[in-house]
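# Commentary on secondary and tertiary structure
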Amino acid sequence: MQGDEYWTEGVASARRRRRSSQHNSNESPSLPTSRSDPRLTSSAPTPSRRRGRLNPDFPLACSPLSRPPLRCFVSAPAPAPPMAAPRVGLLYDDRMCAHATPDGEEHPENPERLRAIWRKLNAAGVASRCVSLKAKEAEDKYIASVHSKSHIKLMKEISSKKYDASRNKIARKFNSIYFNKGSSESAVLAAGSVIEVAEKVAAGELSSAIALVRPPGHHAEHDEAMGFCLFNNVAVAANYLLNERPDLGIKKILIVDWDVHHGNGTQKMFYNDPRVLFFSVHRFDYGSFYPAEGDASHCFIGEEAGKGYNINVPWEHGKCGDADYIAAWDHVLLPVTEVFDPDIILVSAGFDAALGDPLGGCCITPNGYALLLTKLLGFAQGRIVMALEGGYNLRSIANSVCACAKVLLGDKFTFNAPEMQPFESTWRVIQAVRNELKTCWPVLSSKLPENVSLSIRPSPSELNAFSDSESDSEDVAELLATVASVNVIEVAGDAISEHLSKMKLDDDNLSVKTASRCSAAEQHLVDSVKVQNNASVVLTKRISDLSLAWRSDLSRTDVWYASFGSNMWRPRFLCYVQGGKAEGMSIACCGSRDTSSPKGTMWKTVPHRLLFGRSSTPCWGTGGVAFLNPEINYNEKSYVCMYKITLEQFNDILFQENRLVLEDGKDGNVVYPDSPLIGSSEIKFISTNKAIHLEPIKDSWYSNVLYLGNEDELPILTMTCPASDIERFKSGELPLAPPSETYATTLIRGLVEGKQLDADGATNYIIAAAAKGP
Ligand code: Q9C
Ligand code: ZN
């Protein structure tokens with residue numbers, strides 16, 4: 001089996017079947033893509049033929065790179081015999097909602113988290129398919145296997161009357177902890193509940209189980225509450241199985257901690273214990289991400305007998321998604337798990353790496369979680385216990401848990417490889433982890449194929465420090481390798497569909513969605529979460545320049561922003577306002593400070609020539625991007641879609657277009673430039689001079705703001721290259737190139753959905769512009 005790619009035939013063929021129909025439905029019939037039009041891609045390398053998605057011979061969830069073969073793992077769904085449906089335990093109990101902030105202050109770790117998940121599981125008809133379980137208190141002696149006597153005493157007494165006066169003060173002594181009168185009971189129930197389900201799964205009474213518990217546990221240390229965690233629920237349950245229940249035959253436990261934060265508590269509790277393989281994948285951000293201790297690094301591999309039984313995969317940044325996690329699974333976790341051969345798997349299942357989470361910043365989709373879990377089901381005879389840890393976007397956690405529950409219930413999934421690849425830093429991290437552990441786990445000692453290093457997208461920082469290294473990017477696009485991801489159609493949440501219909505989008509859009517990109521639909525979903533969940537709004541962006549006066553000044557002036565490129569497609573434009581990615585985009589936008597929707601939309605044609613120059617972009621890969629020749633040319637007629645937005649928002653779009661928004665690495669904060677590029681005086685200058693060249697960003701591609709006239713007394717502005725660049729395009733100093741397939745598709749979608757042209761007309765319009773040059 002070693003070195004083979006394997007999966008069950010049933011899954012494989014179901015996937016193959018789904019993939020072919022999926023591919024057809026991927027393109028709406030009225031929208032031709034450049035894929036169907038060779039004229040658009042003839043001179044740019046087209047990676048699509050090489051994508052696993054289009055190649056029925058490539059196993060999904062595997063890198064399509066064929067030499068040398070990478071080991072890929074796709075496991076069977078539930079191993080239950082055909083007649084017997086898996087018995088999936090689902091533990092939910094109101095009593096764990098008692099733990100809340102003492103005076104009703106907003107907090108991301110609040111009781112609504114459990115209720116939102118529970119409501120979703122019921123609405124989706126999932127809860128009724130599970131074996132319902134109620135919470136159970138943990139006995140002190142079990143908690144004592146990981147916590148000090150004094151810690152147990154304090155946690156159990158903190159809610160009592162005698163602490164009424166000192167409770168808050170004690171909470172403040174801990175890091176990120178609150179207590180109220182319900183905390184003690186909730187904490188004891190959370191730990192006891194994970195014991196309860198773990199015991200039933202270990203005993204074979206249940207096939208697998210989900211414990212919806214709070215407070216979470218993985219940050220809690222031997223003698224300390226921390227990071228919203230009071231008792232380390234998963235660690236308590238693991239020790240219970242190992243120490244208290246030899247009768248159940250559990251000798252080796254794998255703990256998979258996919259919460260976005262490092263499971264510091266759990267790591268310490270089993271650091272020299274070879275019976276427990278602790279695997280944590282988390283944001284590390286070079287040591288700055290919570291809990292911001294160095295021991296989250298990959299160098300911490302365990303000690304003494306436990307050496308090699310602690311595995312950290314520490315992301316360097318906060319943008320990881322399905323493809324990155326799947327790469328960590330395929331190239332670290334699963335090979336080791338196969339050798340370790342656990343008797344049961346406990347998942348510290350935080351969902352704060354989910355798309356839309358206000359604390360995590362990552363973008364795992366429900367489908368992504370479904371595949372991560374599916375891959376685990378192939379081990380330990382499918383004995384999996386999921387215990388909730390973090391996860392703070394109510395909608396995201398509800399959909400993600402629901403997807404996981406369906407996986408455990410054995411629902412058939414179709415996994416579809418996406419266009420997204422892991423970040424370059426993901427390969428760097430994975431390679432470093434393998435290196436560190438290869439003496440302990442020889443299965444990790446093979447070198448990752450060199451080509452893997454090309455199946456990457458650039459790092460976020462490289463993208464920020466906008467470089468013009470076209471040849472590298474071409475290689476990347478050349479090898480647009482689908483290192484793996486999924487599209488679990490069946491898992492598409494009802495809430496999403498519900499939302500889609502509200503957004504007047506066809507439900508079929510769901511089938512267009514691929515998991516590792518934040519599709520427009522998902523972005524809408526995230527938007528609505530922001531609107532509905534005030535806590536999320538506050539936490540989503542902690543921007544350092546809130547107080548800057550220019551923002552409030554410019555928020556009172558409206559302008560029309562005229563887009564001639566991909567922003568003509570509204571969902572893509574909205575990414576610049578609300579943040580995130582629309583379908584086809586390989587990197588997410590941070591959005592504007594003010595995320596309000598445009599106050600108006602209007603189409604026009606302008607007397608400027610559209611051209612496609614440069615040869616690759618961070619977002620769209622190989623191929624040119626649209627520019628408007630700043631010179632008026634009455635023989636030309638270019639379409640622009642205008643959005644009425646504030647001048648503040650226009651500046652935020654300029655910042656994003658020119659990659660001036662930085663991330664400070666901590667908690668996903670973004671830092672905008674502290675002064676505007678276009679203030680009121682620049683507006684005045686523009687309306688007389690028709691254009692302004694932005695000297696501070698003269699080397700950026702869109703350093704030229706053009707004035708295209710007025711519409712209801714507001715200036716129409718666009719951003720393009722300076723006239724000097726047009727000369728360089730003409731001389732050949734700067735390359736001209738047709739748009740990439742995805743970019744062209746986006747432009748065409750904009751024009752078609754904006755009702756400016758029909759599909760053929762739009763395709764021809766783009767082709768003609770690409771052919772003419774400046
Ligand atoms: N700058 C869990 O997800 N954040 N805990 C503190 C201080 C604490 C997260 C931020 C995050 C704790 C279970
Ligand atoms: Zn967390």
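In this text the structure is predicted, and so the values were computed from the model without any measurement.

Checked against the element boundaries, Asp259 lands in the loop between strand 4 (253–257) and helix 9 (264–269). Among buried charged residues, Asp259 stands out as having no salt bridge; its nearest opposite-charge side chain is Arg113, 6.7 Å away. At 3.4 Å, the side chain of Asp259 forms a polar contact with the side chain of His218. Polar side-chain contacts of Asp259 include one of 2.8 Å to the backbone nitrogen of His261. Not counting residues within four places of it along the chain, the set of residues in contact with Asp259 comprises His218, Val281, His282, Ser348, Gly350, Asp352, Glu389 and Gly390.

With that settled, the discussion passes to unusual backbone geometry. Note that the residue after Arg214, namely Pro215, is joined by a cis bond; omega there is 0°. Here Pro215 shows up in the loop between strand 3 (208–211) and helix 8 (233–244). The phi angle at Ser176 is positive, at roughly 60°, despite the residue not being glycine. Secondary-structure assignment places Ser176 in the loop between helix 6 (167–173) and helix 7 (183–202). Residue Asp285 is not a glycine yet carries a positive backbone phi of 50°. For Asp285, the position within the fold is in the loop between strand 5 (276–283) and strand 6 (310–315).

Before going further, it helps to examine the packing of aromatic side chains. Taken as a whole, this structure holds 24 aromatic pairs when the rule is applied. Ring centres 6.4 Å apart and planes at 85° place the aromatic pair Phe612 and Tyr743 in the edge-to-face group. Separated by 131 residues along the polypeptide, Phe612 in strand 11 (residues 610–613) and Tyr743 in helix 25 (residues 741–753) bring together distant segments of the chain. Here Phe612 and Tyr743 have matching classes, each one buried. Three or more aromatic residues joined by ring pairs make a cluster, and in this case those are Trp258, Phe279, Trp329, Phe351 and Tyr369. In this structure, Lys252 packs its charged tip against the face of Phe340, placed 5.9 Å from the ring centre.

Further remarks concern the confidence of the model for the protein chain. Confidence in the prediction of the protein chain, expressed as mean pLDDT, is 80, and 75% of residues score 70 or more. Note that residues 1–39 has pLDDT below 50 and, in this model, 86 contacts with residues that lie over four places away or in other chains.

Another aspect to go through is the sheet that holds strand 9 (residues 558–563). Read across the open sheet, the six strands follow the order 10-15-9-20-19-18; overall the sheet is mixed. Every other strand in the sheet has two partners, leaving strand 10 (600–606) and strand 18 (691–693) as the edge strands with one partner each. Neighbouring strand axes in the sheet, compared pairwise and without regard to direction, differ in orientation by 30° on average. Relative to strand 15 (residues 638–646), strand 9 runs antiparallel, the two sharing six bridges. Directly across from Tyr561, in strand 15, lies its bridge partner Tyr643.

Turning to the sheet that holds strand 7 (residues 344–349), a few remarks are in order. The strand order across the open sheet built from eight strands is 2-1-3-8-7-4-5-6, with neighbouring strands paired in parallel fashion. Of all the strands in the sheet, the pair left with one neighbour each is strand 2 (131–133) and strand 6. Averaged over all neighbouring strand pairs, the angle between strand axes comes to 15°, with direction disregarded. Of the strand pairs in this sheet, strand 4 and strand 7 are connected by five bridges, and their pairing is parallel. Directly across from Val256, in strand 7, lies its bridge partner Val347.

As a further point, take the coordination of the zinc ion (ligand 2). All of the protein donors around the zinc ion (ligand 2) are Asp259 (OD), Asp259 (OD), His261 (ND1) and Asp352 (OD); their distances to the metal are 1.9 to 2.7 Å. As a motif over one chain, the donors of the zinc ion (ligand 2) read D-x1-H-x90-D. Of the two residues, Asp259 sits in the loop between strand 4 and helix 9 while Asp352 sits in the loop between strand 7 and helix 11 (366–376), which places them 93 residues apart along the sequence. Look at Asp259 and you get buried, because its relative accessible area is 1%.

Rules used throughout
Residues numbered from 1 in each chain as written. Chains lettered and ligands numbered in written order. Predicted model: local features only at pLDDT ≥ 70, side-chain atom pairs only at ≥ 80, totals over all residues. Heavy atoms only, no water. Helix = DSSP H or I, 4+ residues; strand = E, 2+ residues; numbered from the N terminus. Buried < 20%, exposed > 50% of the residue type's maximum accessible area, 1.4 Å probe, protein only. Lys, Arg positive; Asp, Glu negative; His and termini not counted. Salt bridge = Lys/Arg side-chain N within 4 Å of Asp/Glu carboxyl O. Polar contact = N/O pair within 3.5 Å; in protein donor to acceptor, adjacent residues only side chain to side chain. Contact = heavy atoms within 4.5 Å. Phe/Tyr/Trp six-rings, centres within 6.5 Å; stacked < 30°, edge-to-face > 60°. Lys NZ or Arg CZ within 6 Å of the ring centre and 35° of its normal. pLDDT = per-residue confidence, 0-100. Pairing = 2+ DSSP bridges. Axes fitted to C-alpha atoms, helices over the stretch in contact; angles between N-to-C directions. Donors = N, O, S within 2.8 Å, 3.2 Å for Na, K, Ca; no water.

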